[in-house]
Amino acid sequence: MLTVRQALELDVLRDVKVVAGGAGLDLQIRWCHIIDNPEIVQWIQGGELLLTTGYGWPEVEQTSRRTIRALNAKRLAAILFDPGPFLGEIPANVVDEAARLSLPVLVAPRKLRFADVTEAVGRELIRRQYEMIERADRYHRQITAAAVEARDLNDIARTVSRLTRRSVTIEDADCRPLAHADGGQGPAAAQAAGGPASGSVPALRSCRAAETVRERLRSTDGAMRLAGRAACAIRAGSELLGYLWILEGAAPLGDLELRVAEHGSMVAALHILRQRSQAAVEARIGHTVVDALIRGDVPEEDLIERARLLGYDPGDRYAVMIVSLADRAGRSRKWPLSTREEYYRRERASQIVRRLLGQERLPVLSTYSLNRIVCLLPVGRMTGSDGLRRFARLVHEHLHGAGGVAPLLIAVGSAHAGLSGVAKAYWEADRAIGMAKGTDRVLFFEDLTLAHLLAQISDSASLQAAYVRTLGEVLAGPDGRAVRETLWALVDSGFNREAAAAALGIHRNTIRARIQRAQALLGRSLDEPAIRRDLAVMKEIEHLLDTAARPAT
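Residues numbered from 1 in each chain as written. Predicted model: local features only at pLDDT ≥ 70, side-chain atom pairs only at ≥ 80, totals over all residues. Heavy atoms only, no water.

Draft legend 1. Quick look at the packing of helix α15 (residues 480-492) against helix α16 (residues 497-504). Two elements in contact, α15 and α16, have axes separated by 8 Å at closest approach and are oriented at 125 degrees. Put simply, α15 runs oblique to α16. The crossing of α15 and α16 is right-handed. For the pair formed by α15 and α16, the contact residues are E485, T486, A489 and L490 on the first element and R497, A500 and L504 on the second. Residues belonging to the contact of α15 with α16 are distributed by class as follows: four nonpolar, one polar and two charged. (Axes fitted to C-alpha atoms, helices over the stretch in contact; angles between N-to-C directions. Helix = DSSP H or I, 4+ residues; strand = E, 2+ residues; numbered from the N terminus. Parallel < 35°, antiparallel > 145°, perpendicular 65-115°, else oblique. Left-handed = near helix turned anticlockwise from the far one by under 90°. Contact = heavy atoms within 4.5 Å. Nonpolar A, V, L, I, M, F, W, Y, C, P; charged D, E, K, R; others polar.)

This is how it looks when you write it as structure tokens:
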């Protein structure tokens, strides 16, 4: 568009003087309009450079001031007076009122023809519009080329950054950075916009009104300005895929640059969908191989080559991790998915697991089994002696914190070598889930050896007799339930009294009294290793007996 300041640089207007409203010279001119009648306001639509000889200008001061206010309300760009025979000089009230409103008032030199002004301004407007159309076409071609040629989201971010000359960041739906391109604005521009010196856009989760911002972005079709930045939601239909941010800095983006942002978000959506499609094809191939590995029923010569291509190393030791999504009742047993929400929940969890595998530079060897995600984890490629446990807990942390995924249970088998070892590791992880008590936790099969051994005993009557023999006196007392809960909390905490009290939500004096009561009923001190061992066994027996008593589901 053409501003009043830019119009004054045209040859025909170089001798025009600004007598008021200099602060409004950046107002945009849409067209020129010549009006010389008393009903001047009704002919204004907004954005005009008004040319007038003052023939019909009100002589009464109050009416004159009211006319200036009405023209400003109509968003007039500027008034160019020709002080000729009808208006010897600009009235002081016009200058005063226009200066107060920052409405530019211009005075034409003698012998300036309005026809020359309208021709010159009109020609400049058309030239600028043609340039904008050319730029828009050029931007469209480059954005379209990015949609076809971009190798990753960083290429798309660089294209948008080059066209807008601003820093660009692309984030996923959880506000984690996926790509960034520096627009060369420098630290000063970033700080002026409220961002860090690096110029990158902080994740939405750090914003005080994060949810409000998300809702606004979801419901906005185009670009939205926010705290020195322009943002576009990256969407595929009604699904939110992420956000595209542009750091505006001191100078806000123009309409054409905002269109680039909108087209860039569409291209990013297409790229993400294409990546999903490719990942789905690769996942189907990977699922077939992993299914065969955990079954252990495919001849080695038919399987090993495909497995190697996916990153499987026959010389490494593998553990199997099962992520089991609990059903509405909170149970982690196997159940078939039946609704779109359930499929989305599993896919969301699988995306997080694959991302974490990529961050750890581990091969993505995974498959689905109903409500479960099964992963092969190469222990030899993990850092540290506790790498397997650390990674499993990391996965649980991210899944538990992701919206719409929990409740869930993660079980991990021991590490084994060879193709047959994968099937054994899967059996262990599956067995750990079968022995699980509750959800939202991580279980390791090697920690459940005692429970596994007890589960092999088919004589439940003997287990019941041992349980009653050890805890009969405790359970028969009036406070038996409270004492029993205290004993199990002590077992779970390694007999750490403070940790057990915190788990139960009781005072340390209360747990001290309960321990004294338990010791009196048991006739033994809880400091004895033997009684601690017996209580751990009784806790497992209680779980086994309780499980056996439940109806089959």
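Draft legend 2. Spotlight on the pattern of salt bridges. Counted according to the given criterion, the structure contains 18 salt bridges. Across the salt bridge formed by R123 and E119, the nearest N and O atoms sit 2.7 Å from each other. With a gap of four residues between them, R123 and E119 both fall in helix α4 (residues 114-149), about one helical turn apart. Between E485 and R481 there is a salt bridge, with its nearest N and O atoms 3.6 Å apart. With E485 and R481 both in helix α15 and four residues apart, this pair spans about one turn of that helix. It is possible to trace a salt-bridge network through shared partners that takes in E61, R65, R69, D96, E97 and R100. (Salt bridge = Lys/Arg side-chain N within 4 Å of Asp/Glu carboxyl O.)

Draft legend 3. Just the pairing of strand β6 (residues 78-81), in detail. The alternating pattern of β6 places A78 and L80 and I79 and F81 on opposite faces, both of which are buried. Summarising the sheet, strand β5 (residues 48-52) and β6 pair through four bridges and their orientation is parallel. By the bridge assignment for β6, L49 is matched with A78. Chirality of the crossover, the property in question, places the unit of β5, helix α2 (residues 61-73) and β6 among those that are right-handed. With three bridges joining them, β6 and strand β7 (residues 105-107) adopt parallel strand pairing. When the bridges of β7 are listed, L80 appears paired with L106. (Buried < 20%, exposed > 50% of the residue type's maximum accessible area, 1.4 Å probe, protein only. Pairing = 2+ DSSP bridges. Right-handed = clockwise from strand over helix to strand, strands pointing away.)

Draft legend 4. Examining the environment of I352 more closely. Checked against the element boundaries, I352 lands in helix α10 (residues 340-359). The buried category is assigned to I352, whose relative accessible area is 2%. A sequence separation of 46 residues divides I352 from H398, and the C-alpha atoms of the two residues are 7.4 Å apart. Setting aside its immediate chain neighbours within four residues, I352 contacts H398, L399 and A402.

Draft legend 5. Up close: the confidence of the model for the chain. Averaged over the chain, the pLDDT score is 78; the fraction of residues at 70 or greater is 82%. Here residues 187-209 is modelled with pLDDT under 50, and outside its nearest four sequence neighbours on either side it reaches 44 contacts, counting other chains as well. (pLDDT = per-residue confidence, 0-100.)

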